[in-house]
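Okay, here's what each chain looks like letter by letter:
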Amino acid sequence: MEILETLYHEIVGFFSFGGLIEIIQTDNYKALLTQDGIGKALAPLIPVLLVIELIRAFFFQRLSFTQYKIAFFTYIFNRVVSRFISIGMVGICIGLFEPYAIFKSEFTWYWFIYGYVVWEFAHFIYHYLGHKVRLFWCLHSTHHASESMNLSITYAHFFLEGPYADIIRTTICILMGVNPPLLFLIMFIDGTWGAFIHIGENLVKDARLGFLNKIILTPSHHRVHHARNPLYMDTNFCNLLNIWDKVFGTLQDEKHEEEIEYGITRPMKSGDFWDAYFGEIILLAKDVYHAPTMKDKVLYIFMPPGWHHSGDHKTTSVVKKEYFATQKP
Ligand SMILES: [Zn+2]
Ligand SMILES: [Zn+2]
């Protein structure tokens, strides 16, 4: 019976039904007019969409377990880990850095715009470093390992990636004076959109979303981000607003003539959870171990993925340069 109870709590937890159930049980429907209540009501949106995506795939006979395997086992693994370790970096960073904020902002619409622009910048930094620093790539690569795109990828993250992202994003926002309640609202919007952009072809075939593709980052842009085609690699680091990708020259639209190939560039055991979760860490450990000098060992940890002590680099910049050289008429 205890197993059934645990299972019930896991399902309610996964679907984030807890908040809604509480509102219904306490008859407190007025709560739905508050920010907290809206959050509770919208929380089940992505898990429910994921189930719809699965059902559609099943009916159109396109459901393949391999496409969901890595995310499924990552979710289970992270649930088990979180029973032992839970690292709440957001609260810690707010407490530590609020006294050093350059100024204090308030909960108003114009500070909301300011906060969102700062948040996207902080997100860009965390995400860019996740691709360009080998150690951080070890934390982020699990999210890129899947060779297809669907909503389950939202849940595919190495367990230390969340704390790493939170430290960078929260610290930057708090130091830049973003008001903490405003930060939580931004995090909620960003989290919901950040999950939605993983919507798969089974639900939305062309994810450019019409004119929206010109003004924000759409699921199509995030599909491009998950691609291993040289043209698409290391682009679209932002989540909702594309300003920082525009500023840093990393914005890339999905091209009709360049079909997306999902996944990472190294050969992987297709759909293998252990390879997706620990593969990059093992490869980094091997490179550090075999590096001839102490300096090379350190460089392996902090240089971009693909860096080699011999000088024969296979980094994204090298791969892209070679690709563009072949494209010239
Ligand atoms: Zn990424
Ligand atoms: Zn993603």
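What you are looking at is a predicted structure, and each value in this text was computed from that prediction instead of being measured.

Asks: When you look at the pattern of salt bridges in this model, what are you seeing that I'm missing?
Replies: This structure, assessed with the given rule, holds 11 salt bridges. Its salt-bridge partner being aspartate 234, residue lysine 132 comes within 2.9 Å of it at the nearest N-O pair. Placement of lysine 132 in helix 7 (residues 109-132) and of aspartate 234 in the loop between helix 12 (219-225) and helix 13 (243-247) is noted, with a sequence separation of 102 residues between them. The class of aspartate 234 is buried, set by a relative accessible area of 13%. For arginine 228, the salt bridge goes to glutamate 147, with nearest N and O atoms at 3.6 Å. Of this pair, arginine 228 sits in the loop between helix 12 and helix 13 while glutamate 147 sits in the loop between helix 8 (134-144) and helix 9 (161-175), placing them 81 residues apart in sequence. Given the relative accessible area of 36%, glutamate 147 is considered partly exposed. Overlapping salt bridges bring together Glu147, Arg228 and Glu261 as one network.

Asks: Explain the packing of aromatic side chains here, please?
Replies: Aromatic ring pairs are described here by two measures, namely the spacing of the ring centres and the angle between the planes. Applying the stated criterion across every chain yields a total of 29 aromatic pairs. In textbook terms, an aromatic cluster arises when at least three aromatic residues are bridged by ring pairs, as seen for Phe72, Phe73, Phe158, Phe159, Phe273, Trp274, Tyr277 and Phe278.

Asks: Can you help me understand the coordination of the zinc ion (ligand 1) in this one?
Replies: The reference angle at a metal is 109.5 degrees if four donors form a tetrahedron and 90 or 180 degrees if six donors form an octahedron. Donor atoms from the polypeptide that bind the zinc ion (ligand 1) are His127 (NE2), His131 (NE2), His140 (NE2), His144 (NE2) and His225 (NE2), placed at 2.1 to 2.2 Å. Read in sequence order, the donor residues coordinating the zinc ion (ligand 1) give the pattern H-x3-H-x8-H-x3-H-x80-H. Between the zinc ion (ligand 1) and the zinc ion (ligand 2), a spacing of 5.9 Å is present. With histidine 140 in helix 8 and histidine 225 in helix 12, the pair connects residues that are 85 residues apart, well separated along the chain. The two residues histidine 140 and histidine 225 agree in class, both being buried.

Asks: Could you clarify how one ought to interpret the UniProt feature "transmembrane region" (unreviewed entry) in the chain in this entry?
Replies: In this structure's numbering, the residues bearing the UniProt feature "transmembrane region" (unreviewed entry) are residues 41-59, 80-103 and 109-129. As annotated, residues 41-59 has a helix share of 89% and a strand share of 0%, and its two end C-alpha atoms lie 28 Å apart.

Asks: I would appreciate a short explanation of a nonpolar patch on the surface in the present structure.
Replies: Taken together, the side chains of Phe65, Phe72, Phe73, Ile76, Val80, Phe84, Ile85, Ile87 and Leu160 define a hydrophobic patch exposed on the protein surface, amounting to about 840 Å² of accessible area. Residue position: phenylalanine 65 is located in the loop between helix 4 (45-59) and helix 5 (66-84).

Asks: I'm lost on the coordination of the zinc ion (ligand 2) in this one. Help?
Replies: Protein coordination at the zinc ion (ligand 2): the donors are His143 (NE2), His198 (NE2), His222 (NE2) and His226 (NE2), at 2.0 to 2.1 Å from the metal. Given four donor atoms and angles of 93 to 159° at the metal, the environment of the zinc ion (ligand 2) is assigned as irregular. Read N to C, the donor residues that coordinate the zinc ion (ligand 2) are spaced as H-x54-H-x23-H-x3-H. By relative accessible area, histidine 198 is classed as buried at 4%.

Asks: Looking at this structure, I do not really get the packing of helix 2 (residues 18-25) against helix 3 (residues 35-42). What am I missing?
Replies: Axis angle and axis distance: for two packed helices, these are the angle between their axes and the distance between the axes, and together they describe the pair. Two numbers describe how helix 2 lies on helix 3: the axes approach to 7 Å, and their chain directions differ by 115°. As helix 2 runs across helix 3, the sense of the crossing is left-handed. Contacts between helix 2 and helix 3 involve Gly19, Leu20, Glu22 and Ile23 from the former and Gly37, Lys40 and Ala41 from the latter. Considering only residue class, the contact of helix 2 with helix 3 consists of three nonpolar, two polar and two charged.

Asks: Whenever I open this one, empty space enclosed by the protein confuses me. Can you help?
Replies: A probe as big as a water molecule, rolled over the atoms, marks out the empty space that is left. With the rule as written, the count across this model stands at one cavity of 30 Å³ or more. Considering only enclosed or pocket space, the largest cavity measures out at about 30 Å³ in volume. Its residues placed into classes, the lining of the largest cavity shows three nonpolar, five polar and no charged.

Asks: For this particular structure, what's the right way to read the environment of proline 305?
Replies: Mapped onto the elements of the fold, proline 305 is located in the loop between helix 15 (294-302) and helix 16 (316-327). Residue proline 305 is classed as buried on the basis of its relative accessible area of 18%. A sequence separation of 167 residues divides proline 305 from cysteine 138, and the C-alpha atoms of the two residues are 9.2 Å apart. Discounting residues that sit within four places of it in the chain, proline 305 has contacts with His131, Lys132, Val133, Arg134, Trp137, Lys314, Thr315 and Thr316.

Asks: I keep staring at the UniProt feature "domain: Fatty acid hydroxylase" (unreviewed entry) in the chain and nothing clicks. Help me out?
Replies: Residues annotated by UniProt as "domain: Fatty acid hydroxylase" (unreviewed entry) correspond here to residues 113-250. A helix fraction of 57% and a strand fraction of 0% characterise residues 113-250, whose end C-alpha atoms lie 22 Å from each other.

Rules used throughout
Residues numbered from 1 in each chain as written. Chains lettered and ligands numbered in written order. Predicted model: local features only at pLDDT ≥ 70, side-chain atom pairs only at ≥ 80, totals over all residues. Heavy atoms only, no water. Salt bridge = Lys/Arg side-chain N within 4 Å of Asp/Glu carboxyl O. Helix = DSSP H or I, 4+ residues; strand = E, 2+ residues; numbered from the N terminus. Buried < 20%, exposed > 50% of the residue type's maximum accessible area, 1.4 Å probe, protein only. Phe/Tyr/Trp six-rings, centres within 6.5 Å; stacked < 30°, edge-to-face > 60°. Donors = N, O, S within 2.8 Å, 3.2 Å for Na, K, Ca; no water. UniProt positions renumbered as here; feature names shortened; annotations may be inferred. Patch = residues over 30% accessible without salt bridge, like charges linked within 9 Å, V, L, I, M, F, W, Y side chains within 5 Å. Areas by Shrake-Rupley, 256 points an atom, 1.4 Å probe, with all protein chains shown as cover. Tetrahedral: all angles 85-135°; square planar, octahedral: opposite > 155°, others 65-115°. Axes fitted to C-alpha atoms, helices over the stretch in contact; angles between N-to-C directions. Left-handed = near helix turned anticlockwise from the far one by under 90°. Contact = heavy atoms within 4.5 Å. Nonpolar A, V, L, I, M, F, W, Y, C, P; charged D, E, K, R; others polar. 1 Å grid on protein atoms, 1.4 Å probe; cavity = no way out; pocket = protein on both sides within 12 Å on 5 of 7 lines; lining within 4 Å. Points joined across faces, edges and corners; volume = space filled by probe spheres on them.

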